[in-house]
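# Breakdown of the fold
The chain contents come next:
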Amino acid sequence: MTEVAAMTQTAALTARLPDAQTVTAVRHWTDRLFSFRVTRPKSLRFRSGEFVMIGLMGDTGKPVLRAYSIASPAWDEELEFYSIKVPDGPLTSKLQHIRPGDEIILRPKAVGTLVLDALLPGKRLWFLATGTGIAPFASLMRDPETYERYDQVIMMHTCRETAELAYGRTLVEGLKDDPLIGDMVGGRLLYYPTTTREPSAQMGRITENLTSGKVFADLGLPPMDPAQDRAMVCGSLAFNLDVKAVLEGFGLREGANSEPLDYVVEKAFVGDGI
């Protein structure tokens, strides 16, 4: 095949790529975690905390798509995603190698349960996440509406090792200087990162720190009260089930877009199999 013919074939394949968006930035946080930003389709409207389907063309010529929470807020002109790397994963084995200028597939229809409208009004909002489950909260923590609705926001994030907390820590530390919400965040966002394997300043699973009361004592907060507290949960299926039991033990009830209540769980979270 001549060089001209090869270029023509590549251009034709690119032109046929459905819902293509261009990668604008990539950052590798550890050998297992990375974040990236892509252009935003003009047709995409979403609420902070929702997810979309993204992916790449597979070896068979068919797209390999998975649900990914949008980590950027609804006002952002680009879209940010936070992902795990799985060496033999159908998608991330290839996605982890993307570079600025590459294209990914993005279906511009956002859905999900981790939205403010799915909760009743309250005083405190708890974000409870493990690993890359922090992604939808990265979106909500940067949305002014979150601080308009709640007096306090508590971000509990648990990973196995300290390095895996870097994405969330960097985001939280940068919020005070954010030109849009920096003044709103001041003193109202409480960050509680913990590890479960590597020794660190704060350790323990989210469920343990809630049931023992340690997180309340450390942050100077009262125990969860269904009259005041609301919560959002994003992690593995086992984590979600364990946290649901803890929240219901405090008297909170699970809500949905169609029936706002005290807490919501993201059922489409992508785990280690991607």
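See the structure shown above.
Before going into details, it helps to say that this report is about the structure given with it. (Residues numbered from 1 in each chain as written. Predicted model: local features only at pLDDT ≥ 70, side-chain atom pairs only at ≥ 80, totals over all residues. Heavy atoms only, no water.)

## Here's the deal with the overall build of the protein chain
The test is simple: Helix and strand labels come from DSSP, where a helix needs a run of H or I of at least four residues and a strand needs a run of E of at least two; each type is numbered from the N terminus. In this description the radius of gyration comes from C-alpha coordinates, and the expected globular size is given by 2.2 Å times residues to the power 0.38. Exposure classes here rest on a 1.4 Å probe applied to the protein chains alone. A residue is buried below 20% of its type maximum, exposed above 50%, and partly exposed in between. Here, two residues are considered to be in contact whenever any of their heavy atoms come within 4.5 Å of each other. Accessible areas in this description were obtained via Shrake-Rupley with a 1.4 Å probe; residue shielding takes into account the shown protein chains only. The positive count covers Lys and Arg only, the negative count covers Asp and Glu only, and His and the chain ends enter neither. Note that the charge is assigned to NZ on lysines, CZ on arginines, CG on aspartates and CD on glutamates.
A count of helices and strands for the protein chain gives nine helices and eleven strands. What you see for the protein chain is a C-alpha radius of gyration of 19 Å, in line with the 19 Å of a compact globule of 274 residues. Structurally, the protein chain occupies a C-alpha span of about 70 × 40 × 35 Å along its principal axes. In the protein chain, buried positions account for 50% of the 274 residues. The long-range fraction of contacts in the protein chain, counting pairs at least 24 apart against all pairs at least 6 apart in sequence, stands at 74%. Accessible area of the protein chain: about 12,600 Å², with a carbon and sulfur share of 53%. Of the side chains in the protein chain, 30 bear a positive and 35 a negative charge, and the two mean positions are spaced by 3 Å.

## Section: the environment of Ala118
As for its placement among the helices and strands, Ala118 is situated in the loop between β6 (103–111) and β7 (124–130). Each C-alpha atom of the pair Ala118 and Gly251 lies 17 Å from the other, and the pair is 133 residues apart in sequence. In this view, Ala118 contacts Thr113, Gly255, Ala256, Asn257, Pro260, Leu261 and Val264; residues no more than four positions away in its chain are not counted.

## Considering the sheet that holds strand β1 (residues 20–28)
Selection criterion: Following DSSP output, two strands are said to pair if at least two bridges run between them. Here an angle of 0 to 180 degrees is reported between the N-to-C directions of two axes, which are lines fitted to C-alpha atoms, with helices fitted over the stretch in contact.
Judged by pairing direction, the sheet is antiparallel, and its six strands sit side by side in the order β4-β3-β6-β1-β2-β5 without closing on themselves. Pairing within the sheet leaves two strands with one partner each, and these edge strands are β4 (63–69) and β5 (78–84). Going across the sheet, the axis of each strand differs from the next one's by a mean of 35°, ignoring polarity. Pairing analysis gives four bridges linking strand β3 (residues 51–57) to β6, with the strands arranged antiparallel. What sits directly across from Phe51, in β6, is Val111.

## Thoughts on the side chain of Thr194
We count it as follows: Counting of polar contacts relies on pairs of N or O atoms within 3.5 Å, with two restrictions inside protein: one atom must be capable of donating a hydrogen and the other of accepting it, and residues adjacent in sequence are counted only when both atoms are side-chain atoms.
Within the fold, Thr194 resides in strand β9 (residues 189–195). Looking at Thr194, the relative accessible area reads 1%, which means it is buried. From its side chain, Thr194 meets the backbone oxygen of Gly204 in a polar contact 2.9 Å long. Ignoring anything within four residues of it in the chain, the contact list for Thr194 reads His157, Thr158, Cys159, Leu165, Gln202, Met203, Gly204 and Asn209.

## Quick word on the sheet that holds strand β8 (residues 152–159)
Pairing in this open sheet of five strands is parallel, and the strands run β9-β8-β7-β10-β11 from one edge to the other. Taken across any chain shown, the strands that pair with only one partner, and hence form the sheet edges, are β9 and β11 (263–265). Strand-to-strand twist across the sheet, computed as the mean angle between neighbouring axes with direction ignored, equals 10°. Sheet topology note: the β8/β9 ladder contains seven bridges and is parallel. The residue bridging Val153 from the neighbouring strand is Leu189, located in β9. Strand contacts of helix α9 (residues 237–249): β7, β10 (229–234) and β11, with the helix running at about 170° to β10, the strand carrying the most contacts.

## Here we look at the nonpolar core
Stated formally: Nonpolar cores were defined as sets of buried Ala, Val, Leu, Ile, Met, Phe, Trp, Tyr and Cys residues, with membership established by side-chain atoms within 4.5 Å.
With 34 residues, the main nonpolar core has Phe127, Phe137, Met141, Leu189 and Met232 as its most contacted residues. The set of elements that each furnish at least two residues to this core consists of β5, β7, α3 (135–140), β8, α5 (166–175) and β10. Those residues in contact with Phe137 that lie beyond four places of it in its chain are Leu114, Phe127, Leu128, Ala129, Met155, Met232, Val233 and Cys234. Counting 21 residues, the second largest nonpolar core, distinct from the first, contains Ile154, Tyr192, Ala231 and Tyr263.

## Comments concerning α5
Going by this rule: Throughout, the arc means that of the directions going from the helix axis to the C-beta atoms.
When α5 is considered as a whole, its buried residues turn out to be Tyr167, Gly168, Leu171, Val172 and Leu175. The buried side chains of α5 occupy one side of the element, clustering within an arc of 120° when seen end-on. Buried residues along α5 sit against β2 (33–39), β5, α3, α4 (144–149), α6 (182–185) and β9.

## Considerations on the packing of aromatic side chains
For any pair of aromatic rings, geometry is given as the distance between the ring centres together with the angle between the planes. Heads up, the rule is: Between rings of Phe, Tyr and Trp, where Trp is taken as its six-membered ring, a pair exists when centres lie within 6.5 Å; planes separated by under 30 degrees are stacked, by over 60 edge-to-face, and by other angles tilted. Charge over a ring is defined by NZ of Lys or CZ of Arg lying within 6 Å of the ring centre and within 35 degrees of the ring normal.
Taken as a whole and assessed by the stated rule, the structure comprises eight aromatic pairs. Judged by centre distance (4.7 Å) and plane angle (15°), the rings of Phe127 and Phe137 are stacked. Here Phe127 is found in strand β7, whereas its partner Phe137 is found in helix α3, with ten residues between them in sequence. Of the two residues examined, Phe127 and Phe137, each falls in the buried class. For the ring pair Phe216 and Phe250, a centre distance of 5.8 Å and an interplane angle of 85° mean the geometry is edge-to-face. Separated by 34 residues along the polypeptide, Phe216 in helix α8 (residues 214–219) and Phe250 in the loop between α9 and β11 bring together distant segments of the chain. Judged by its relative accessible area of 5%, Phe216 is buried. Judged by its relative accessible area of 21%, Phe250 is partly exposed. Three or more aromatic residues link up through ring pairs in this structure, and these residues are Phe34, Phe36, Tyr68 and Phe81. If you follow Arg27 out to its NZ or CZ, it ends over the ring of Trp29, 3.8 Å from the centre.

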